[in-house]
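Here is how the chains run, residue by residue.
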Amino acid sequence: ALEDTSVLLVPKTAFLELLRKRPELALRMLGSMSRHLQTLVSLIDDLTLKDVQTRLVGWLLKRCGKPLGNDAVVVELDRTKTILAAEFGTTNETLSRTFAELRNQKLIFVMGRRITILKPRELEELFKRNVGDI
């Protein structure tokens with residue numbers, strides 16, 4: 001857990017009885033689990049088929065909002081770079097080099113936890129080129 005968390009223990013017997021009485025809860029749970037599974041499959045695809053730069057660029061683009069414009073977009077990191085690197089399945093050093101590459105291409109500017117995407121459309125084009133290589 002990355003923040004204070006509460007854990008709830010639901011006794012199995014009581015939970016199964018509730019599902020018997022309210023089958024719509026079981027259907028909602030299946031729907032939720034299905035969406036979670038789709039997210040995990042997408043994550044596995046990213047980790048196995050995309051390089052770190054493509055994963056980072058995709059992550060940044062998801063935080064830009066749609067439609068993409070020409071104006072700069074500011075993204076606040078809500079986690080440490082160490083945690084972000086772990087989520088991408090890479091090391092801090094590789095993530096830092098990847099940020100530096102994007103900075104050198106003048107696509108982003110990084111100051112602390114604030115990432116300014118200077119050219120969102122160009123960043124999207126880089127993503128499309130990289131994904132097209134898969």
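The shown structure was predicted, so the numbers you read here are calculated from the model rather than taken from an experiment.

Calculation criteria
- Residues numbered from 1 in each chain as written.
- Predicted model: local features only at pLDDT ≥ 70, side-chain atom pairs only at ≥ 80, totals over all residues.
- Heavy atoms only, no water.
- Helix = DSSP H or I, 4+ residues; strand = E, 2+ residues; numbered from the N terminus.
- Expected span 1.5 Å × (residues − 1).
- Buried < 20%, exposed > 50% of the residue type's maximum accessible area, 1.4 Å probe, protein only.
- Arc of directions from axis to C-beta.
- Contact = heavy atoms within 4.5 Å.
- Axes fitted to C-alpha atoms, helices over the stretch in contact; angles between N-to-C directions.
- Parallel < 35°, antiparallel > 145°, perpendicular 65-115°, else oblique.
- Left-handed = near helix turned anticlockwise from the far one by under 90°.
- Nonpolar A, V, L, I, M, F, W, Y, C, P; charged D, E, K, R; others polar.

Visitor: Where do I start with helix α6 (residues 120-132) in this structure?
Guide: Given 3.6 residues per helical turn, the α-helix brings residues three or four places apart onto the same face. The end-to-end C-alpha separation of α6 is 18 Å, in line with the 18 Å expected for 13 residues at 1.5 Å each. Of the positions making up α6, those classed as buried are Pro-120, Leu-123, Glu-124, Leu-126 and Asn-130. All buried residues of α6 fall inside an arc of 160° around its axis, so they share one side. Along α6, exposed side chains directed more than 90 degrees from the buried face belong to Arg-129 and Gly-132. On the buried face of α6, the contacting elements are α3 (52-62), β1 (73-76), α5 (92-104) and β3 (114-117).

Visitor: Teacher, can you tell me more about the packing of α3 against α6 here?
Guide: Think of two packed helices as two axes; the pair is described by the angle between the axes and how far apart they sit. Packing of α3 against α6 brings their axes to within 9 Å, and their N-to-C directions diverge by 140°. As judged from the angle between their axes, α3 and α6 are oblique. Between α3 and α6 lies a crossing of left-handed hand. Counting all contacts with α3, which are made through Gln-53, Thr-54, Val-57, Gly-58, Leu-60 and Leu-61, the residues of α6 involved are Pro-120, Leu-123, Glu-124, Leu-126, Phe-127, Asn-130 and Val-131. Tallied by class, residues from the contact of α3 with α6 come to 8 nonpolar, 4 polar and 1 charged.

Visitor: Before we go on, may I ask you to explain unusual backbone geometry in this structure?
Guide: Only a minority of non-glycine residues have a phi that is not negative, and only a minority of peptide bonds are not trans. Pro-67 follows Lys-66 through a cis peptide bond whose omega is -10°. At Lys-106, a position not held by glycine, the phi torsion is positive, near 60°. Considering the arrangement of structural elements, one finds Lys-106 in the loop between α5 and β2 (108-111). On the accessibility criterion, Lys-106 (55% relative accessible area) is exposed.

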